[in-house]
Amino acid sequence: MRGVTAGSESVLELLPMVFADPGEARARAEQVLRAGPPPLHASVAHQVLGIWQRDFGDLRIALRHLRRARSLAARADSADREADVLATLGVALVHAGRTRQGLASFERGVARGSGHTRARVLFRRAYVWWVLGRHPEALEDVRRALPVLRQLADDIWTARALTLRATVHLALGAVDRAVADFTAAERLWETTGQEHDKADVVESRGLAAFRSGDIPVALRLLDEAEERYAKLGTPTYMLSLRRCEVLRAAGLAPEALAEADAAIALLDRIGGQSTRKAELLLAAARAARSAGDAPTAIARAAVAVRLFAAQRRGWWETHARLVLIEARVAAGRRSGRMVADAAAVAERLTAFGSPAAPEASLLAGRIALALGRTADAERHLAVAARSRHGGPPVPRVSGWVAQALRARAAGSRRGVLEACRRGLDVLDDHRMTLGASELRAHATAQGAELAAMAQQASLAQGGPRRLLVWSERWRATVLSAPPTRPPADPALLSTLTAYREIAARAQDARREGRPVPVLEREQRRLEREIRSRTHHMRGAAPHEGDRFDTGRLLDRLGDGRLVELAVVDGRVHVLLCGRGKVRRFTGGPLVEAVAEAEYVQAALRRLAHPGAEARLPLVEAAGRRLQELLLGGAAAQLGPGPVVIVPPGALHRVPWALLPALRDRVLSVSPSAGSWLRARETEPPPDGRAVLVRGPGLATGGAEVPQLADRYGTATVLEGEDAQVPRVLAELDGAGLAHLAAHGTFRADSPLFSALRMTDGPLIVHDFERLARSPYRIILSSCDTARLASVGADELLGLVTALLPLGTAGVVASSAPVNDAAVVPLMLALHKGLDTGLSLAEALRDARAALPGDTVHQATGWAFAAFGAA
């Protein structure tokens, strides 16, 4: 730069330091200003403070510093210095929403600068073009800047330019080009000390992994970037934006909404960038829409549209308009004007080269179909359907949804089923790349519409067998293969141990009436860390798995019956399988059945305590109503043999033994017919050893355990200090039979943290998933151990479903609070039956019959169910 002397070099070093060690750069800049420097040095110091405030603090303060830096650069008579400041000021003005002023500042900067400085100005203008969504202009400025930066061996700015170009490629859907540029940039960053820039490229690689459809790697890289930023003490809003996008795609929309809201609140508190706020509002709107919260999505998207329009950011504004229309449709609005608006959005997105264009065409097609405008619908859906042939999984699935809608509008049942099959195959392969069972379950939500359309088509014309096949196609898919075992990660194991200790301390404090807010905050932090680390696990390569075979099911049933409840258009359809055929009966509305089941659950809780005998007739009457709603005419056709019930997720809490037609039967429950078949064909371990565990704090002290120990003789008994999680897990691994008498807690907000209380703290679902093979049979004798959370399309998460894909063929557990004293005789009778060679379902039926006839014991027997087929 003209006018810069050798003595200036140490001050000029502050500029690259802002992205190497931001806190140190800020402190040194303030120190320079306190020394009363000449104009040139003061200009640099003010620019450094302006950059810091622009990116990490208050934008108003940033603008004051940068305007002062520009004035001082002019006084120092350094054209290149002034050009550099004008570029920094231009970025700040655009982030403040003053787009016209920002671009004017860049025009002056490009005119004032020369050579190396002009190349840096062009790079920063390219960045602004990207912020504004003007991608061709961004690529052009990078094209002009890169040769100069490379020729001067300016590795830092070359790496920045490559990173920016890669980010623009991602916005245009060119993932391979983006990955190549990110890789080249990362090689250059490794030769520098620019720690903030290095974190930024890790974050960007996470976004590239997400665009490639690799959610676990994306989450791992974003978490790594966050750790790097935390060490530097710098907040970053782009990271929040990117994590929102990935979380939403992973089916974790509520978490994405919370992340966006927290970042918006922080921006508002510090007076941060207006551009980032608009982007976060768009992310929040998308998350709210995915979470089914249409009013919030409409409110956030509307504000985002206004902000983007004021900032002259047409690319972003168009994306926000897409979300706004989607949210309004979700709220039940339909009109011809909305078809035109969605079509206009699709055209603009296509002109921008946005990968979201097919989504807008699909939206226009949906609205047109709802209005009966079939010709318009066909035109828009045909465009949307093109995305089914390539690209990341989720857009391909949307393309198959469009194709299925086209086929349905044309009256082609075969076309509907083919499109649904192809779309679910794509999503199945994607789901199996996810290692965590939670992510696999949530991913199924993206296939719910395809599965529902296939069921509707099958119900209309295909017959009971076809409806059964399609009801199975997208049900309990999480149980079709074991989750990836958590790695032998010392950090994860350490976090699990810390979580157990904190949770135990919090529970003790609550029992003693001491305050627990600090412990609860730490427990939530550890839960987030555990979930984060398990989400990083990648699944096995996509595999075919076991395709459901109706003939095989009918052969395996023998004299028994399997009753699968399919819900189509809000009504229960009963598929009765047995004696070589599948028959369909009509049940009642699902909403009525769910309401009745909730009433029965509440009543069972009351019957678990003495003095509620008067309510028994009401409960039995509710059982009869449930039978009519859920079994209809099939109740009279069950035959004398055992019965397997396969309910949808919404009905998993029904106490099936309460229904009159099932009360005295050998009865088991399964999340899917396929899951029952796998359990039926699971071989028991050769040694068949028994493990008996007695946790702390039980009202009866786990009174059945000593008697069971006498019955089994060689069983391993774990109680007191022996009943600690590491020892319990070691003994459970590969056991033939496990009986766990321990307090159970169900976490509706986070079902994989549902737990059994051991001496050293909770034994959670994440612990069970570390087993090489869970016990062949498990009996959980405490309250609420069969409670599950319904997520995704029709998936259930909780203790029982965690065990079934890990080698457990049968579980006995309770879906309601039970009377501890009444459990003891039930459990003793159950084990007596097992000792004579009965299955869990057979032994449970006989155990119920052997109980005393009072209300408390009856309610206790009804609360327990046998799951699986052992």
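Bear in mind the structure is a predicted one, so any value in this text is a computation, not a measurement.

**Here we look at the pairing of strand E16 (residues 864–868)**
Point 1. Most of E16 sits out of view: 5 of its 5 residues are buried.
Point 2. Here 5 bridges tie strand E15 (residues 810–814) to E16, and the two strands are oriented antiparallel to one another. Within E16, the position partnered with Val 812 by the bridge is Ala 866.

**Observations concerning the nonpolar core**
Point 1. Ranked by internal contacts, the top residues of the largest apolar core, which has 96 residues, are Ile 215 and Leu 439.
Point 2. Not counting the four nearest positions on each side in its chain, Ile 215 is found in contact with Phe 210, Val 246, Ala 249, Ala 250, His 430, Leu 434 and Leu 439.
Point 3. Counting residues in each nonpolar core, the second largest holds 77 residues, with Ala 597, Ala 635, Ala 661 and Leu 732 among its members.

**A short note on the environment of Gly 623**
Point 1. Along the polypeptide, Gly 623 turns up in helix H31 (residues 616–630).
Point 2. Relative accessible area serves as the criterion here: at 0%, Gly 623 is assigned to the buried category.
Point 3. A sequence separation of 37 residues divides Gly 623 from Pro 660, and the C-alpha atoms of the two residues are 7.0 Å apart.
Point 4. Filtering out sequence-adjacent residues up to four positions away, Gly 623 remains in contact with Leu 658, Leu 659 and Pro 660.

**Examining the pattern of salt bridges**
Point 1. Considering all chains together, one arrives at 66 salt bridges under this definition.
Point 2. Between Arg 211 and Glu 245 there is a salt bridge; the shortest N-O distance is 2.6 Å. A residue pair is termed long-range when its members are at least 10 positions apart, and Arg 211 in helix H12 (residues 195–211) and Glu 245 in helix H14 (residues 237–249) qualify at 34 residues.

**Focus: the packing of aromatic side chains**
Two measures describe an aromatic ring pair: the distance that separates the ring centres and the angle between the ring planes.
Point 1. The tally for this structure, following the rule as stated, stands at 6 aromatic pairs.
Point 2. Arranged with centres 5.8 Å apart and planes meeting at 70°, the rings of Trp 52 and Phe 56 form a pair that is edge-to-face. Separated by 4 residues within a single helix, Trp 52 and Phe 56 lie in helix H4 (residues 39–56), roughly one turn from each other.
Point 3. By relative accessible area, which is 15% here, Trp 52 ends up buried.
Point 4. When its relative accessible area of 6% is taken as the criterion, Phe 56 is described as buried.
Point 5. Among the aromatic residues, ring-to-ring pairing joins Phe 308, Trp 315 and Trp 316 into one connected group.
Point 6. One Lys or Arg, Arg 26, reaches over the ring of Trp 52 and ends 4.1 Å from the middle of that ring.
Point 7. Between Arg 388 and the ring centre of Trp 400, over which it is positioned, the NZ or CZ distance is 5.2 Å.

**Looking at the side chain of Arg 747**
Point 1. Relative to the elements of secondary structure, Arg 747 occurs in the loop between strand E9 (744–745) and strand E10 (755–758).
Point 2. On the basis of relative accessible area, Arg 747 is assigned to the buried category, the value being 18%.
Point 3. Polar side-chain contacts of Arg 747 include one of 2.8 Å to the side chain of Glu 527.
Point 4. Polar side-chain contacts of Arg 747 include one of 2.7 Å to the side chain of Asp 749.
Point 5. Setting aside anything within four residues of it in sequence, one finds Arg 747 in contact with Tyr 499, Gln 523, Glu 527, Phe 753 and Ser 754.

**With respect to the confidence of the model for the protein chain**
Point 1. When pLDDT is averaged along the protein chain, the result is 90, and 98% of the positions lie at 70 or above.
Point 2. The element-level mean pLDDT for the protein chain is lowest in helix H1 (residues 9–12), coming to 74, with strand E4 (residues 643–646) highest at 97.

**Quick word on helix H29 (residues 550–557)**
Point 1. Listed as buried for H29 are Thr 550, Leu 553, Leu 554 and Leu 557. End-on view of H29: buried residues confined to an arc of 95°, all on one side of the axis.
Point 2. Summarising the contacts, the buried residues of H29 are in contact with helix H26 (464–473), strand E1 (561–568), strand E2 (571–578), strand E3 (581–589) and helix H32 (673–680).
Point 3. Taking the backbone nitrogen of Gly 551 as reference, a side-chain oxygen 2.9 Å away marks Asp 549 as the first, capping residue of H29.
Point 4. Directly after H29, the chain includes Gly 558, whose backbone phi takes a positive value near 60°.

**Regarding the sheet that holds E9**
Point 1. Ordered in space as E9-E10-E11, the 3 strands form an open sheet in which the pairing is antiparallel. Where the open sheet ends on each side, the last strands, each with one partner, are E9 and strand E11 (761–764).
Point 2. As judged from the 2 bridges shared by E9 and E10, these two strands associate in the antiparallel manner. Its bridge partner being in E10, Gly 744 is matched across the sheet by Leu 756.
Point 3. Of the strands in this sheet, E10 and E11 are in contact with helix H27 (residues 490–511), which crosses E11 at around 130°.
Point 4. On the sheet, helix H34 (residues 725–732) packs against E10 and E11 and is oriented at approximately 30° with respect to E11.

**So, unusual backbone geometry**
Point 1. One non-glycine residue, Asp 77, lies in the positive phi region at around 60°.
Point 2. Relative to the assigned elements, Asp 77 resides in the loop between helix H5 (59–75) and helix H6 (79–95).
Point 3. Exposure remark for Asp 77: the relative accessible area of 47% places this residue in the partly exposed category.
Point 4. For Asp 569, which is not glycine, the phi torsion reads 50° and is therefore positive.

**Quick notes on helix H13 (residues 215–232)**
Point 1. Here H13 contains 18 residues, and its C-alpha end-to-end distance of 26 Å stays within 8% of the 26 Å for a straight helix at 1.5 Å per residue.
Point 2. Burial in H13 covers these residues: Ile 215, Pro 216, Val 217, Ala 218, Leu 219, Leu 221, Leu 222, Asp 223, Ala 225, Tyr 229 and Leu 232.
Point 3. Among the structural elements, helix H3 (22–34), H12, H14, helix H23 (413–432), helix H24 (437–443) and helix H28 (517–535) are those in contact with the buried residues of H13.
Point 4. Regarding H13, its N-cap is Asp 214, as a side-chain oxygen of that residue lies 3.3 Å from the backbone nitrogen of Val 217 further along.

**Quick notes on the environment of Ala 166**
Point 1. Within the secondary structure, Ala 166 is located in helix H10 (residues 155–171).
Point 2. Along the chain, Ala 166 and Arg 205 lie 39 residues apart, while their C-alpha atoms are 9.5 Å from each other.
Point 3. Contacts of Ala 166, omitting those with residues within four sequence positions, involve Ala 178, Asp 181 and Phe 182.

**Description of the packing of H10 against helix H11 (residues 175–189)**
Point 1. Where H10 meets H11, the closest approach of the two axes is 8 Å, and the angle between their N-to-C directions is 160°. Overall, the two elements H10 and H11 adopt an arrangement that is roughly antiparallel. Our pair here, H10 against H11, has a crossing hand that is left-handed. Contacts from Asp 155, Ile 156, Thr 158, Ala 159, Arg 160, Leu 162, Thr 163, Arg 165, Ala 166, Thr 167, His 169 and Leu 170 in H10 reach Val 175, Arg 177, Ala 178, Asp 181, Phe 182, Ala 184, Ala 185, Leu 188 and Trp 189 in H11.

**Let's talk about the environment of Gly 551**
Point 1. Tracing the chain through its elements places Gly 551 in helix H29.
Point 2. Expressed as a C-alpha distance, the spacing of Gly 551 and Gly 580, which sit 29 residues apart in the sequence, is 7.7 Å.

Conventions we followed
- Think of each chain on its own: its residues are numbered from 1, step by step along the sequence as written.
- Thresholds applied to this predicted model are a pLDDT of at least 70 for local features of residues and 80 or more for the giving and counting of side-chain atom pairs; totals over whole chains, interfaces and linings are not thresholded and use all residues.
- Note: side-chain values were computed over all heavy atoms of the structure, leaving out hydrogens and water.
- Partly exposed describes any residue whose relative accessible area lies between the buried limit of under 20% and the exposed limit of over 50%, with all areas from a 1.4 Å probe on protein chains only and scaled to the type maximum.
- Helix and strand labels come from DSSP, where a helix needs a run of H or I of at least four residues and a strand needs a run of E of at least two; each type is numbered from the N terminus.
- Strands were regarded as paired on the criterion that DSSP finds at least two bridges between them.
- Joining through side-chain atoms within 4.5 Å is the link that ties buried Ala, Val, Leu, Ile, Met, Phe, Trp, Tyr and Cys residues into a set, and such a set is a nonpolar core.
- Throughout, a residue-residue contact means that at least one pair of heavy atoms, one from each residue, lies within 4.5 Å.
- Salt bridges are defined by distance alone: a side-chain nitrogen of Lys or Arg within 4 Å of a carboxyl oxygen of Asp or Glu.
- Stacked, edge-to-face and tilted labels apply to pairs of Phe, Tyr and Trp rings (six-membered ring for Trp) whose centres lie within 6.5 Å, assigned for plane angles under 30 degrees, over 60, and everything in between, in that order.
- Working rule: Lys NZ or Arg CZ, within 6 Å of ring centre, within 35 degrees of ring normal, means a charge sits over the ring.
- Under this definition, polar contacts are N or O atom pairs within 3.5 Å; protein pairs additionally need one hydrogen-donor-capable and one acceptor-capable atom, and for neighbouring residues in sequence, both atoms have to be side-chain atoms.
- The predictor attaches a confidence to each residue, called pLDDT, with possible values from 0 through 100.
- What the arc describes is the spread of directions from the helix axis to the C-beta atoms.
- Throughout, an axis means a line fitted to C-alpha atoms (over the contacting stretch in the case of helices), and angles, computed between N-to-C directions, take values from 0 to 180 degrees.
- Any helix carries an expected span of 1.5 Å times its number of residues minus one.
- Here roughly perpendicular refers to angles of 65 to 115 degrees, roughly parallel to angles under 35, roughly antiparallel to angles over 145, and oblique to all remaining angles.
- By definition, any crossing whose near helix is turned counterclockwise from its far helix by less than a right angle is left-handed, and any crossing with a clockwise turn is right-handed.

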